[in-house]
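Structure at a glance
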Amino acid sequence: VLAVPSGAVQEIEGKPLVFVKTAKGSFERRDVIVGPEAEGWVEVRAGVKEGEAVATTGSFLLKSELLKGSLAEEE
């Protein structure tokens, strides 16, 4: 079972996502399918591969930046 810390999972429009670190050192949005949560961990059924690094503590900030960029594009 693949699991990530619960703080790594964010939601946009009701859909769960995580931010995965790329080879270039930045982060990319990755939609995920999640399973149950237990003891601070969330099962990830699809969207992340074993060994990929996900943002945890800063994931909310990344989500905020993503949404800020989306709003700027709409104006």
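Everything below is about the structure shown above.
Since this is a predicted model, take the numbers as computed values, not measurements. (Residues numbered from 1 in each chain as written. Predicted model: local features only at pLDDT ≥ 70, side-chain atom pairs only at ≥ 80, totals over all residues. Heavy atoms only, no water.)

**Structural notes on the sheet that holds strand β1 (residues 3-5)**
On the basis of which strands lie adjacent, the open sheet formed by three strands has the order β1-β6-β5 and antiparallel pairing. Strands at the two margins of the open sheet, each flanked by one partner only, are β1 and β5 (33-38). When the angles between neighbouring strand axes are averaged without regard to direction, this sheet yields 35°. (Pairing = 2+ DSSP bridges. Helix = DSSP H or I, 4+ residues; strand = E, 2+ residues; numbered from the N terminus. Axes fitted to C-alpha atoms, helices over the stretch in contact; angles between N-to-C directions.)

**Some remarks on the side chain of Ser59**
Note on placement: Ser59 falls in helix α1 (residues 59-74). Not counting chain neighbours up to four residues away, the residues in contact with Ser59 comprise Gly7, Ala8, Gln10 and Phe19. (Contact = heavy atoms within 4.5 Å.)

**Examining the nonpolar core**
Listed in full, the 10 residues of the largest apolar core are Val4, Ala8, Val9, Val18, Val20, Val32, Val42, Val44, Val48 and Val54. Once residues lying within four places of it in the same chain are set aside, the contact partners of Val42 are Leu2, Ala3, Val4, Ser6, Val9, Val34, Gly35, Pro36 and Glu37. (Core = buried A, V, L, I, M, F, W, Y, C linked by side-chain atoms within 4.5 Å. Buried < 20%, exposed > 50% of the residue type's maximum accessible area, 1.4 Å probe, protein only.)

**A look at the pairing of strand β4 (residues 27-31)**
Note: strand β3 (residues 15-21) against β4, five bridges, orientation antiparallel. Opposite Phe19, over in β4, you have Arg29 as the bridge partner. Once β3 ends, the chain turns through five residues before running back antiparallel as β4, passing Gly25 with a positive phi of about 90°.

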